[in-house]
Amino acid sequence: MRWRSFIPLILVSLLAAVLFVGLGLDPKIVPSALIDKPVPQFDLPPLPGKEPGLIAADLAKGQITLLNVWASWCGPCRIEHPQLMEIAKTTDVRMIGLNYKDDPAKALAFLKQLGDPFASVGADRTGRVAIEWGVYGVPETFLIDGKGRIVMKHVGPLRPEDIPEKILPAIKAAAQ
Amino acid sequence: MKRQIVRLAIAFLLIGGSPAYAIAVDAVTLQDPALEARARTIMQGLRCLVCQNQSIEISDAELAGDLRRIVRERVAAGDTDSQVRAHLVARYGDWVLMRPPFKLSTLVLWAGPPVLLVLGGIALWAGQRRREAPVLQPLTEAEQAKLREITAPD
């Protein structure tokens, strides 16, 4: 009968474990429904000078692509930008921008000021195509394998540590 | 009596008075009131991804406005309610539904509370049963004398 006296302790420990894990999760991060799914089939016209924009069919032509959703009015995008520059410099992944609800002139000024990591940029003036990608805020970053499948999504700005911890391993996995 | 009626009326007004719901105002709504009403009902069941505990019907977030436009488009195009919901679930996952569907990954969510309630009930019942009924001892002679003394009229 002695073991019965431990029941409350066991219950409290269980509760503590559940809360420890549960409260550590970030409720702002919505799990993506598009992981392992093909990319949405919507093209976007280019930001002037950043042709050919976003062509969905190009994402399934064997090259690994990092798609970054950004806007010049988005503060965290500025914080994230050096990380995009580094990925562009240190890997041979193709980088495509999805410019979200932005003024093209301001978007181009942003790239001129902070550097341009993108091979091409599609301009999503209405935000409609971003919804097809399940975007709910900027910045967001997707990794697409050579077959046009979304293999990773990162919500919010990429921090410097995200490159070795998340982006590079995902690129490596997608290359296999 | 009259006072009580007034009080009752006030109480009813306080409890039953219809609260003013906040509703986001869109410039473009559906022409057909029946379709618009259907779209509104669907919106109530869809969660805003920016301000997470609001439905897109009442959210002021820009994205919620964009999603409302999509819901209206789908409704106008003749989609059923569940087709409209499926359209958004395909992009944002079950998360976008205010009422998560019942499936394996949400089993704990749905079944947890009733299971806990039943377990609690069982624990309570077992605890009650184990507790011994208090045995009433008759008063001793001394106690009876004291009782008489206390209750005796002056």
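All values reported here derive from a predicted model rather than from experimental measurement.

Engineer: Just checking my understanding: could you explain the overall build of chain B for this structure?
Structural biologist: Each helix and strand in chain B was counted, giving six helices and zero strands. Moving toward the C terminus, one meets the helices and strands of chain B in the order α-α-α-α-α-α. Over its C-alpha trace chain B gives a radius of gyration of 30 Å, far above what one expects of a compact globule, namely 15 Å for 154 residues. Along the three orthogonal principal directions, the C-alpha set of chain B runs to about 90 × 55 × 25 Å. Each of the 154 residues in chain B was classed as buried or not, and the buried ones make up 14%.

Engineer: Would you mind showing me how to read the domain arrangement of chain B here?
Structural biologist: For an interface, size is often stated in terms of accessible area lost upon the parts coming together. Domain boundaries in chain B define domain 1 (20–96) and domain 2 (104–151). The gap between the C-alpha centroids of domain 1 of chain B and domain 2 of chain B is 51 Å.

Engineer: Can you walk me through the interface of chain A and chain B in this structure?
Structural biologist: Counting residues at the interface gives 11 residues for chain A, matched by 12 residues for chain B. Looking at the side of chain A that touches chain B residue by residue, the classes come out as six nonpolar, four polar and one charged.

Engineer: What's the story with the sheet that holds strand 3 (residues 120–124) of chain A in this structure? I'm lost.
Structural biologist: The pairing of strands in a sheet happens through backbone hydrogen bonds and is either parallel or antiparallel. All names here are of chain A. In space, the five strands of this open sheet follow the order 3-2-1-4-5, with mixed pairing throughout. Where the open sheet ends on each side, the last strands, each with one partner, are strand 3 and strand 5 (150–155). Each strand of the sheet is rotated relative to its neighbour by a mean of 20°, with strand direction disregarded. When strand 1 (residues 65–70) meets strand 4 (residues 140–144), the two strands line up antiparallel, connected through five bridges. Paired with Val-69 across the two strands is Glu-140, which belongs to strand 4.

Engineer: Help me out: how do you make sense of the pairing of strand 5 of chain A in this one?
Structural biologist: One face of the sheet, then the other: side chains in a regular strand alternate in exactly this way. Residue and element names in this part refer to chain A. Where strand 4 lies against strand 5, five bridges are found, and the strand directions are antiparallel. Opposite Thr-141, over in strand 5, you have His-154 as the bridge partner. Adjacent in sequence and paired antiparallel, strand 4 and strand 5 are bridged by five residues, among which Gly-148 carries a positive phi angle near 80°.

Criteria and thresholds
- Residues numbered from 1 in each chain as written.
- Chains lettered and ligands numbered in written order.
- Predicted model: local features only at pLDDT ≥ 70, side-chain atom pairs only at ≥ 80, totals over all residues.
- Helix = DSSP H or I, 4+ residues; strand = E, 2+ residues; numbered from the N terminus.
- Rg over C-alpha atoms; globule rule 2.2 N^0.38 Å.
- Buried ≥ 20, exposed ≤ 12 C-beta atoms within 10 Å, placed from the backbone.
- Domains from an automatic or database assignment.
- Contact = placed C-beta atoms within 7 Å.
- Nonpolar A, V, L, I, M, F, W, Y, C, P; charged D, E, K, R; others polar.
- Pairing = 2+ DSSP bridges.
- Axes fitted to C-alpha atoms, helices over the stretch in contact; angles between N-to-C directions.

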